[in-house]
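Single-letter residue listing:
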Amino acid sequence: MIVVMKVGSPEAEINRISDEFSSWGLTPEKIVGTHKVVIGLVGETADLDARQIQEISPWIEQVLRVEKPYKRASRQFRHGEASEVTVETPNGRVIIGEHHPIVVVAGPCSVENEEMIVETAQKVKAAGAKFLRGGAYKPRTSPYAFQGHGESALELLAKAREVSGLGIITEVMDAADLEKIEEVADVIQVGARNMQNFSLLKKVGRASKPVLLKRGMAATIDDWLMAAEYILASGNPNVILCERGIRTFDNQYTRNTLDLSVVPVLRSLTHLPIMIDPSHGTGWATHVPSMAMAAIAAGTDSLMIEVHPNPTKALSDGPQSLTPERFESLMQELAVIGQAVGRWPQPAVAFAS
Ligand code: PEP
Ligand code: MN
């Protein structure tokens, strides 16, 4: 349930009401929006009567029932307002959210060696990316495929962060590695294959860093939002949802089916920021630019694009990786669409070579 307070409600009254809800065994969560304060109520609310709650205080404007199984992730829980994820990178504060410029994340699938990760970081930064992505721990279909360099790759990411000033996004596969990853990552990625690893979700829910939650390859939107709910319910309010393509019946021409319709759907269901990953979504570098542009036109808040200095030699996901040069020209193409929707950092010419 959500309790919408009237504009100008005294702080002491909001606290008094929250204490009252706590004494009923509920968990009240105060959400301060631009216009109003809302108290989200989590717990056994099924038997509560909205009119009875209304009578607790003359400062209560409205009591609404959240109909969705996910509560904290629902748009209603924040009374329709979008949330945003703020990250302090060495290059400055980056905000991912509906009312902010589009944030681009770029980098290789895997961190392979120092030279390639530092070079990629510098090049994607020069082209306008705000985050460097790169896997230290890789979820591979085959146990014989390259599994990532693990801890030593985390050190290389730290180095790339230091040199480029970019924020770092890297994946956690095993909760045992979380602490080490948290030391280096500005945003922790939970990959598609772990979207419903509920014990991992609870653990990243207790982490101090924001979480990028990729959509499971066969996850419905409700499955995905329930997974986000695990993280939010464990205390971490900073979650970004990343669409990376789902399995459909044809994988001959695209690796996955990039579901761009999630952008307007998520926008109506949740307050959480949205990222689109056209690299895993299509599986082919040639298809990435058009889908990246379409994602911006559809209203995404951010993009994740795989970039490798030499895609034909990449240890993972080479076919879908752009060269740094192609990425740079793509950023200029994206600037046109980004400006058309009023969400591109100004001026776009800053990205011209
Ligand atoms: C990745 O980002 O490299 C990755 C493995 O992604 P996903 O979990 O979407 O397959
Ligand atoms: Mn990859």
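Residues numbered from 1 in each chain as written. Chains lettered and ligands numbered in written order. Predicted model: local features only at pLDDT ≥ 70, side-chain atom pairs only at ≥ 80, totals over all residues. Heavy atoms only, no water.

> Explain the side chain of N256 to me, please; I cannot follow it from the model alone.
Within the secondary structure, N256 is located in the loop between strand 12 (239-243) and helix 8 (262-269). In terms of polar contacts, N256 uses its side chain to reach the backbone carbonyl oxygen of H280, at 2.9 Å. Here N256 is in contact with R244, G245, I246, R247, H280, G281 and T282, once residues within four sequence places are set aside. (Helix = DSSP H or I, 4+ residues; strand = E, 2+ residues; numbered from the N terminus. Polar contact = N/O pair within 3.5 Å; in protein donor to acceptor, adjacent residues only side chain to side chain. Contact = heavy atoms within 4.5 Å.)

> Can you help me understand the sheet that holds strand 4 (residues 60-64) in this one?
Backbone hydrogen bonds hold the strands of a sheet together, and the pairing may be parallel or antiparallel. With respect to topology, 4 strands assemble into an open sheet ordered 2-3-1-4, the strand pairing being antiparallel. Of all the strands in the sheet, the pair left with one neighbour each is strand 2 (27-32) and strand 4. Mean inter-strand twist for the sheet, computed between neighbouring axes without regard to direction, equals 20°. Across 3 bridges, strand 1 (residues 2-5) lies against strand 3 (residues 37-42) in antiparallel orientation. Across the sheet, residue V3 finds its bridge partner in strand 3, namely I39. Packed on one face of the sheet, helix 1 (residues 11-23) meets strand 1, strand 2, strand 3 and strand 4 and runs near 5° to strand 3. (Pairing = 2+ DSSP bridges. Axes fitted to C-alpha atoms, helices over the stretch in contact; angles between N-to-C directions.)

> I tried to follow the pairing of strand 10 (residues 187-190) on my own but got confused; where do I start?
Remark: a regular strand shows side chains that alternate across the two faces of the sheet. The alternating pattern of strand 10 places V187 and Q189 and I188 and V190 on opposite faces, both of which are buried. In this sheet, strand 10 lies alongside strand 9 (residues 167-171) in parallel orientation, the contact comprising 3 bridges. Each bridged residue has a counterpart across the sheet, and for E171 the counterpart in strand 10 is Q189. Taken together, strand 9, helix 5 (residues 178-184) and strand 10 form a β-α-β motif whose crossover is right-handed. (Buried < 20%, exposed > 50% of the residue type's maximum accessible area, 1.4 Å probe, protein only. Right-handed = clockwise from strand over helix to strand, strands pointing away.)

> Help me understand the pattern of salt bridges, please; the structure alone is not making it clear to me.
Any two side chains of opposite charge can pair, so long as their charged atoms come close to each other. A complete count under the given rule lists 22 salt bridges for this structure. The closest approach of N and O atoms between E119 and K123, which form a salt bridge, is 3.2 Å. Note that E119 and K123 are positioned in helix 3 (residues 114-127) at a spacing of 4 residues, about one turn of the helix. A relative accessible area of 34% places K123 in the partly exposed class. R161 is the salt-bridge partner of D186, the closest N and O atoms lying 2.7 Å from each other. Here R161 lies in helix 4 (residues 151-164) and D186 lies in the loop between helix 5 and strand 10, a separation of 25 residues in the sequence. Given the relative accessible area of 23%, R161 is considered partly exposed. Connected through salt bridges with shared partners, the residues R75, E98, R267, D301 and R343 form a single ionic network. (Salt bridge = Lys/Arg side-chain N within 4 Å of Asp/Glu carboxyl O.)

> I'm lost on the state of the cysteines in this one. Help?
Should the sulfur atoms of two cysteines be covalently bonded, the bond is a disulfide. Per the stated rule, a full pass over the model turns up 0 disulfides. Free of any disulfide, C242 has its nearest cysteine sulfur in C109, 13 Å distant. (Disulfide = S-S within 2.5 Å.)

> Even after reading the chapter, I still don't get the sheet that holds strand 7 (residues 103-107), so can you show me in this structure?
Reading around the barrel, the 8 strands line up as 7-8-9-10-11-12-13-14 and close back on themselves, with parallel pairing between neighbours. Between one strand and the next, the sheet's axes are offset by a mean angle of 25°, whatever the strand orientation. Of the pairings in the sheet, the one linking strand 10 to strand 11 (residues 211-214) comprises 3 bridges and is parallel in character. Paired with V190 across the two strands is L213, which belongs to strand 11. Taken strand by strand, helix 7 (residues 221-233) contacts strand 11 and strand 12, and its axis lies near 155° from that of strand 12.

> Would you take a moment to explain the coordination of the manganese ion (ligand 2) for this structure?
By definition of the ideal shapes, four donors in a tetrahedron about a metal sit 109.5 degrees apart, and six donors in an octahedron sit 90 or 180 degrees apart. The protein atoms that coordinate the manganese ion (ligand 2) are C109 (SG), H280 (NE2), E306 (OE) and D317 (OD), at distances of 2.0 to 2.4 Å. Motif for the manganese ion (ligand 2), donor spacing along one chain: C-x170-H-x25-E-x10-D. Here E306 lies in strand 14 (residues 302-306) and C109 lies in the loop between strand 7 and helix 3, a separation of 197 residues in the sequence. Note on accessibility: C109 and E306 belong to one class, buried. (Donors = N, O, S within 2.8 Å, 3.2 Å for Na, K, Ca; no water.)

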